[in-house]
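Remarks on the overall topology
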Amino acid sequence: MSYKNKNTNKAGFPDPFASPEEKMSQSYGLQFAKAIEAQWGRGEDSSSLYSRRRHEFEKSRDYANGTQDTSIYKQILNSLDPNNGDGTLLNLDWSPVPIVPKFVKVVVNRVLSRKPYPKVEAIDPISKQEKDAKKAEIESSIGDKELLMEAKAIGLTPNIDPDTLPDTTEEAEIFMDQNVKTSSEIAAQLATSLTLDWNDFDQDIYRRNIEDLVVCGMGVVKRDNDPNYGIVTRYIDPANFIHSYTEDPNLSDIVYAGHVSRISIQELKRRAGNQISEEKYEEIAKAVMHKSYNDSKAFARRDYSTASGTFNYGYDTYLVDVMDFEFLTVDCVYYESKESQYGNMGFYFKGSEYKESPNSVYEREPVKMENQMVYSGSFIIGYNCLFNYGLQSNMPKNIHDLTKTKMSYSVSCTNMRRMMPKSLVSGVIGFADQLQLTHLKIQQAIAKAKPDGILVDIEGLENVQLGRGGELQPLDIQDIYEQTGVFYYRSKNPEGGFQNPPIRSIENSIRNINEYIGLYNHYLRMIRDATGINEVMDASTPKGDALVGVRQQALAAGNNALYDITNASLIIYKRVCSDIIKCLQVIPNDSVLYRVYSKAIGDISMDILSSFNEIPMYNYGIRVVRDMSDEDRIFLEQNLQASLAQREIDLEDAIAVREVKDIDQAQRLLAIRRRKRMQMRQQMQQQNIQAQAQANSQAQQMAAQVQAQKMQMEAQIEAQKLQLKGQLDVQVASALHQMKKEIEMIRAQASLGFKTDDQEFKEKLEVLKEDRKDNRVQKQAVEQSKLIAQRKGERPVMEEQTDANTDIVNQILGDV
């Protein structure tokens, strides 16, 4: 291959058709590791693929951090400077302009602004049948929602809560997509999210992978099945990642992969244990004592630890390069289909080699099965030393194809050409260099700029006479001008013509500064065009400078430019989640890790997730869903506010739409809720019209009833009046009759007893007359006596006397 290192050994890869027993041998693994080393070469060799790729990645990272080497700029400016050695380059600020780091942060933060999360869906026939049954139950329950509501109101407990059911079939599709989950899907979702949280995947590993995709063009994650820590996801530096030849950006066709890590010999002892002897460790330490900043003086140091009873060697701190690798291979195993003496067919395992039994009585037929396996190990680069080699355990399998498996690396690139990924940063390095050179030239132009000066015409200032025989030389007049601002000169030259003022000010400007600024902006635009990050995306243009439609187009153009990075990040996320689920399904039931997950997600969920000990029952598909972008969220919120303002939806509808994370489903739900609310408003309007018409009819009917009641009451009042009048007339007639009757009786009594009464009256009258006469006589006597007594003054006046007759007379007169 074109990428092989010519200086490495020519050892090829071992036979891929070897038996499983041979593949398990240390010699097979050592040969495979040496072949990988021969393809990629060592880090000390600058021409090797490993060194060239690492150099490109480190260069891109320097530019992404704004720490690139500035010596190239000094060489260019020294070669271009016509006044080389004038000292202007010594005062320049050589620090790189942090333009590329700004664009890197904009892209990384924009991708991270839409947080992804796994959506686990069971795609095996059993789960699909279970989900279809639930969907059919929900669809049938939608038509009986009112009946279920009535049943719930009377105290019954339906199988499905009617309050959570949608009202229409269209709304039911969104509801079922969001909420209908089988028990296996719920268990897988919980276990996957929990594993990602335990590994801080979203906060640490995923962010570093996005930075690598932007800067290096490649992101790598490794999954380990650690017996102590469970399923572990680790970040792998793409500069240390190695793999088989491929032109696929997603590296889906690689047959081996690995990564190089620099560890101490002490860590190597922990990982290798007794697989490597102390003499071999000492040999390795002796070879690397002058490399990787190792202290050569510590090689001979020996300390005995009484606590552990072992020696501590000084070279334990030495750093060595270790390559962890794994490869895919196909192991062929044979099964035999054999007929028994009773005519039954049996299926028997025969191993990796099959030899047909001669002269068999019963019919036999061999069945060959090719299983894809993963072998892994660790190799100390530069030394024929291999440890921890063997067949991987808990390999993730797919129930639909148990012969397939995959390696523990999840890798994706934005672009791949001849084994060299192309990144966003590497594409703008040239423009960044030109921009930096322009910035330095601007500084140099400023350093070379002269202050404001004066222009002196010596000829016009010669022999200027100031009177009294005094003359000033031109330099004297210049000194006067510098001190006072006044200068003297002759307005006429010796020929008699007028001349210009001999001293004039010169306003100096920075030479070519406008051209340099224009060139700087040109290279900045080139960087924007190469990355696709326009002024709208990085928010450097104020909102009022562009129309809404123009801004939306600019954002769409930026999103299209960053699609490769976004897509690669989602591929890595999906592969990691898929790996986690498949590894969860093959956790041994008697392991500590199984009990940890059982306590975390529940025993029932873990039992469902790993139904079979060897073959997982459920097969899952992973769909990575991202949160809405800021633009989508703003657009959705605008639609919600407009619908709320027009009363097309209620507050409850707006809350339900905001809870949906997918913009398409949110828009569909909003449209359904608006249509539903408009139908309800139309129904309410029709009901209001019917109610108004009914109210008007009832009002008219009530008015007619009131009028009839009024007329009836008036008739009753008239009848009562007539009845009362008749009663009064009867009472008056009866009273008149009674009075007349009494009058007639009085008349009759008066006519019958008149004579007796008249005689008695006359007798009484005569007696009264006599009595009155006596009284008058007595009164006259009294009066005369008063007069005589008064005249004589002899005796008192006689008192007036009354008798009973007077009272009787008065009574009689009163009776009459």
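What about helix 5 (residues 99-112)?
Each turn of an α-helix holds 3.6 residues, which means side chains three or four residues apart point in the same direction. Counted at 1.5 Å a residue, the expected span for helix 5 with its 14 residues is 20 Å, and the 20 Å between its end C-alpha atoms agrees. With 10 of 14 residues buried, helix 5 lies mostly within the body of the structure. Three or more residues of helix 5 are buried, namely Ile99, Val100, Pro101, Phe103, Val104, Val106, Val107, Val108, Arg110 and Val111.

Some words on the pattern of salt bridges
Summed over all chains, the structure comprises 15 salt bridges. Note that aspartate 224 and lysine 222 form a salt bridge whose closest N and O atoms lie 2.5 Å from each other. In this structure, arginine 302 and glutamate 282 form a salt bridge, with 3.7 Å as the shortest nitrogen-oxygen distance. With a gap of 20 residues between them, arginine 302 in strand 6 (residues 302-305) and glutamate 282 in helix 12 (residues 278-288) connect regions that are remote in the sequence. You can call arginine 302 partly exposed: its relative accessible area is 33%. The class for glutamate 282 is partly exposed, based on a relative accessible area of 31%. Salt bridges here are not isolated pairs; linked through shared partners, they connect Glu58, Arg61, Asp212 and Asp237.

Let's talk about the nonpolar core
Among the nonpolar cores identified, the biggest contains 62 residues, and Ile99, Val104, Val107, Phe201, Leu435, Ile565 and Ile587 are the most heavily contacted of them. Ranked by the residues each element gives to this core, the list is headed by helix 18 (residues 563-584), at 10 residues. Excluding anything up to four places from it in sequence, leucine 435 contacts Val97, Ile99, Tyr520, Tyr523, Leu524 and Ile527. Ala18, Phe32, Trp40 and Val220 belong to the second largest nonpolar core, which has 35 residues in total.

Observations regarding the confidence of the model for the protein chain
Residue-level pLDDT values for the protein chain average 77, and 73% of them are 70 or greater. For the protein chain, helix 25 (residues 804-815) is the element with the lowest average pLDDT, namely 50, and strand 4 (residues 241-243) is the one with the highest, namely 93. Confidence drops under pLDDT 50 across residues 1-10; counting only partners more than four residues distant or on other chains, this segment forms 20 contacts. Ignoring residues within four places in sequence, the model shows residues 812-816, a span with pLDDT below 50, making 2 contacts including any to other chains.

Quick word on the sheet that holds strand 2 (residues 218-226)
Here we have 3 strands laid out as an open sheet, ordered 3-2-14, and antiparallel in their pairing. Two strands lie at the open edges of the sheet, namely strand 3 (230-236) and strand 14 (409-413), each paired on one side alone. Going across the sheet, the axis of each strand differs from the next one's by a mean of 15 degrees, ignoring polarity. Where helix 10 (residues 201-215) meets the sheet, its contacts fall on strand 2, strand 3 and strand 14, and the angle it forms with strand 2 comes to roughly 145 degrees.

Things to note about the packing of aromatic side chains
One pass over the full model with this rule turns up 14 aromatic pairs. Judged by centre distance (6.1 Å) and plane angle (85 degrees), the rings of phenylalanine 32 and tyrosine 256 are edge-to-face. With phenylalanine 32 in helix 2 (residues 26-40) and tyrosine 256 in strand 5 (residues 256-264), this pair connects stretches of sequence that are 224 residues apart. Site record: aromatic cluster; members linked through ring pairs are Phe13, Tyr28, Phe32, Tyr256, Phe325, Phe327, Tyr375 and Tyr389. Between the NZ or CZ atom of arginine 208 and the centre of the ring of tyrosine 235, over which it lies, the distance is 3.7 Å. Above the ring of tyrosine 409, the side-chain terminus of lysine 222 is found at 5.4 Å from the ring centroid.

Comments concerning the packing of helix 9 (residues 183-198) against helix 18
The contact between helix 9 and helix 18 brings their axes to 10 Å, and the two run at 115 degrees. Considered as vectors, helix 9 and helix 18 are oriented roughly perpendicular to each other. In terms of crossing hand, the pair formed by helix 9 and helix 18 is right-handed. Facing Ala188, Ala191, Thr192, Thr195 and Leu196 of helix 9, the residues of helix 18 in contact are Tyr573, Val576, Cys577, Ile580, Ile581 and Leu584.

Things to note about the pairing of strand 14
Across the 5 residues of strand 14, 5 count as buried, placing the element largely inside the fold. Side chains of strand 14 alternate between two faces, with Tyr409, Val411 and Cys413 and Ser410 and Ser412 buried alike. Bridge count between strand 2 and strand 14: 5 bridges; the pairing is antiparallel. Directly across from lysine 222, in strand 14, lies its bridge partner tyrosine 409.

Rules used in this analysis
Residues numbered from 1 in each chain as written. Predicted model: local features only at pLDDT ≥ 70, side-chain atom pairs only at ≥ 80, totals over all residues. Heavy atoms only, no water. Helix = DSSP H or I, 4+ residues; strand = E, 2+ residues; numbered from the N terminus. Expected span 1.5 Å × (residues − 1). Buried < 20%, exposed > 50% of the residue type's maximum accessible area, 1.4 Å probe, protein only. Salt bridge = Lys/Arg side-chain N within 4 Å of Asp/Glu carboxyl O. Core = buried A, V, L, I, M, F, W, Y, C linked by side-chain atoms within 4.5 Å. Contact = heavy atoms within 4.5 Å. pLDDT = per-residue confidence, 0-100. Pairing = 2+ DSSP bridges. Axes fitted to C-alpha atoms, helices over the stretch in contact; angles between N-to-C directions. Phe/Tyr/Trp six-rings, centres within 6.5 Å; stacked < 30°, edge-to-face > 60°. Lys NZ or Arg CZ within 6 Å of the ring centre and 35° of its normal. Parallel < 35°, antiparallel > 145°, perpendicular 65-115°, else oblique. Left-handed = near helix turned anticlockwise from the far one by under 90°.

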